[in-house]
Amino acid sequence: MFLGLGSNLGDREAALSRARVLLTALPGTTVTAESGIYVTAPVGGPEQDDYLNQVVEVRTLLSPYELLTSVQGIEAELGRVRDIRWGPRTIDVDILWYHGFSSADARLEVPHPRMEERRFVLEPLAELAPDLVLPSGLTVTEALAGLPDQAVRRNDDRTAGTVSRRSERSPMDHSIVQKQIRRLAEETGAIILAHNYQRPEVQDIADIVGDSLGLSRQAATSKARMIVFCGVHFMAETAVILAPDIPVIAPEPQAGCAMADMVDVEGLAHLKAEHPDAVVISYVNTTAAVKALTDICCTSANAVEIVRSVPAGQEIIFTPDRNLGRWAAKKAGRKVIVWPGFCPTHDLVQVEDVERARAIHPAAKVVVHPECDPAVSDIADAVESTSGMIRFCREDDAEEYVIGTETGMIYRLCQDVPGKLFYPLTEMAVCPTMKLTTLQKVLESVRNAGPVVTVDEEIRTKALKAVQRMIEVGA
Ligand code: 13P
Ligand code: SF4
């Protein structure tokens with residue numbers, strides 16, 4: 001995505017430089033390229049200083065609204081006084097383009113509605129993305145050609161080397177905390193497990209990165225003195241169910257799963273009473289208490305196989321994900337009674353997102369997670385769990401993929417399948433709770449050997465049966 005930076009008050013170059021540093025310090029955010037700096041005559045009158053303008057390319061895991069709030073925080077930190085139209089400003093940061101996302105909300109107008117009229121935006125943008133198609137349908141180069149001359153010039157007389165086209169590595173240096181975590185983990189005999197959706201810097205310090213089932217299996221066979229589970233609560237609980245003798249630590253105990261919270265014990269007990277002969281299949285994205293009421297668990301990697309394993313003619317209740325339930329039922333050629341839960345991060349993916357992605361990346365295959373709406377899964381090239389995505393992209397012969405799942409997966413795929421290109425289907429697909437686990441929290445949790453996740457023993461033994469049955473079917 002592209003952001004426009006501008007300043008016409010105080011040390012203008014320092015303000016642009018500081019804004020770039022602060023952008024890169026945002027969670028999951030990096031400035032990946034920056035244009036030269038342009039000098040623009042002030043619109044507000046001759047008594048004002050010239051504007052310095054620049055466009056930067058940014059990769060971020062933040063959703064558009066999170067980015068907006070963060071950008072406003074940067075403006076405030078750099079002394080921007082809001083609401084003075086065309087007045088002197090220490091800094092101005094505009095979201096110009098967010099991967100085709102569009103919003104006409106007065107707070108968040110994206111793509112920026114006036115950028116096509118502004119040479120001081122298009123000139124620097126053309127350095128980074130001359131072929132980007134703007135809302136008018138013109139490319140940046142074509143839109144520039146049609147613009148009247150404006151007093152905009154590239155500031156080439158600045159000290160050489162002040163601005164590099166590619167920014168250096170993130171000034172947010174994680175390496176010190178990462179080394180501390182690794183040293184402590186070794187001293188204490190901890191194994192660190194991280195889900196594929198975790199922040200990149202957390203994935204980097206894990207002993208094992210994987211999907212929910214793979215990580216739980218690792219926990220079950222682990223000889224470690226403690227398990228630090230970087231994921232969401234149900235995953236840590238599943239590790240406790242499988243490895244009751246090893247303390248399982250959740251660095252961020254507040255990291256829940258919105259989908260898991262959509263099915264409750266009372267509601268499920270009621271549905272079971274209405275269908276006393278039904279087999280209850282529950283996605284592992286459920287609490288231990290719901291698993292205890294379940295006959296057999298499944299993950300996105302084995303849902304079709306688990307549905308198929310139920311004898312023909314027997315009723316099936318599937319909780320909590322209606323999308324995974326419907327998709328697995330269709331694949332298995334079975335009827336299921338689906339609980340109406342869903343994952344807010346995946347359910348927002350639209351058929352239009354797939355169509356737009358295919359138009360932008362015609363050579364790419366579209367791979368989506370089965371938590372997406374079945375209308376999206378139906379038109380994708382492949383529907384895979386997170387571990388399935390890695391396998392598919394590694395074995396498949398395409399070079400580029402559009403990935404329809406939580407955006408943390410893009411980092412994982414880039415690491416595990418080098419040499420291929422991965423694009424997010426939508427940068428809106430960010431699981432807020434997956435991103436709550438920070439390096440600092442991991443460090444504290446290893447240091448304090450807590451917080452420890454617990455599961456009531458009676459619930460655990462019942463839940464274990466459902467998880468073990470799943471593992472047996474898989475085997
Ligand atoms: P996986 O089982 O594919 O790791 O997915 C877990 C999850 O939470 C998906 O949203
Ligand atoms: Fe739960 Fe969805 Fe987040 Fe997965 S992505 S942990 S299903 S809320």
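Residues numbered from 1 in each chain as written. Chains lettered and ligands numbered in written order. Predicted model: local features only at pLDDT ≥ 70, side-chain atom pairs only at ≥ 80, totals over all residues.

Asker: Honestly, the domain arrangement of the protein in this entry has me stumped. Any pointers?
Answerer: Accessible area lost upon the coming together of the parts serves often as the stated size of an interface. The assigned domain composition of the protein is domain 1 (2–154), domain 2 (175–257 + 434–459), domain 3 (260–342) and domain 4 (345–424). Taking the mean C-alpha position of each, domain 3 and domain 4 sit 25 Å from one another. Across the boundary between the two partners, domain 3 contributes 10 residues, which contact 12 residues of domain 4. Broken down by element, the side of domain 3 that touches domain 4 gets its largest block of residues, four residues, from helix α12 (residues 322–332). (Domains from an automatic or database assignment. Contact = placed C-beta atoms within 7 Å. Helix = DSSP H or I, 4+ residues; strand = E, 2+ residues; numbered from the N terminus.)

Asker: Looking at this model, I keep getting lost on the environment of Lys-435. Mind explaining?
Answerer: Here Lys-435 shows up in the loop between β20 (421–424) and α18 (439–448). For Lys-435, a count of 22 C-beta atoms within 10 Å corresponds to the buried category. In the structure, Lys-435 is positioned 434 residues away from Met-1 in sequence and 20 Å away in space, judged by C-alpha atoms. When neighbours within four sequence positions are excluded, Lys-435 is seen to be in contact with Pro-27, Gly-28, Leu-61, Arg-199 and Val-430. (Buried ≥ 20, exposed ≤ 12 C-beta atoms within 10 Å, placed from the backbone.)

Asker: Is there a simple way to explain the sheet that holds strand β17 (residues 365–368) in this structure?
Answerer: Two orientations exist for strands paired in a sheet by backbone hydrogen bonds: parallel and antiparallel. Here four strands make up an open sheet; going across it, the order is β18-β17-β19-β20 and the pairing parallel. Each of the sheet's edge strands pairs with one partner strand only, and the pair in question is β18 (382–383) and β20. Here strand β19 (residues 400–404) pairs with β20 via four bridges, running parallel. Pairing of Glu-400 across the sheet is with Leu-421, part of β20. With respect to the sheet, helix α16 (residues 386–395) is in contact with β17, β18 and β19, its orientation differing from that of β17 by roughly 160°. Docked against the sheet, helix α17 (residues 408–416) engages β19 and β20, running at close to 180° with respect to β20. (Pairing = 2+ DSSP bridges. Axes fitted to C-alpha atoms, helices over the stretch in contact; angles between N-to-C directions.)

Asker: So what exactly am I meant to see when it comes to the site of ligand 2 here?
Answerer: Looking at ligand 2, the residues that line it are Val-232, Cys-257, Ala-258, Met-259, Asn-285, Cys-343, Thr-345, Glu-371, Glu-406, Cys-431, Thr-433 and Met-434. Tallied by class, residues from the shell around ligand 2 come to seven nonpolar, three polar and two charged. Residues from two domains meet in the shell around ligand 2; each of domain 2 (175–257 + 434–459) and domain 4 (345–424) gives at least three. (Near = placed C-beta within 6 Å. Nonpolar A, V, L, I, M, F, W, Y, C, P; charged D, E, K, R; others polar.)

Asker: Where do I start with the site of ligand 1 in this structure?
Answerer: Near ligand 1 you find Asp-211, Ser-212, Leu-213, Asn-285, Thr-299, Ser-300, Cys-343, Glu-371, Ser-385 and Thr-386, and these make up its full shell. Of the residues belonging to the shell around ligand 1, the class tally is two nonpolar, six polar and two charged.

Asker: How should unusual backbone geometry be read in this particular structure?
Answerer: Generally, phi is negative for residues other than glycine and the peptide bonds are trans, each holding for most cases. Put simply, Thr-319 and Pro-320 share a cis peptide bond, and its omega is -15°. Within the secondary structure layout, Pro-320 lies in the loop between β15 (316–319) and α12. Phi is positive for Ala-449, which is not a glycine, with a value near 50°. Here Ala-449 is to be found in the loop between α18 and α19 (457–474).

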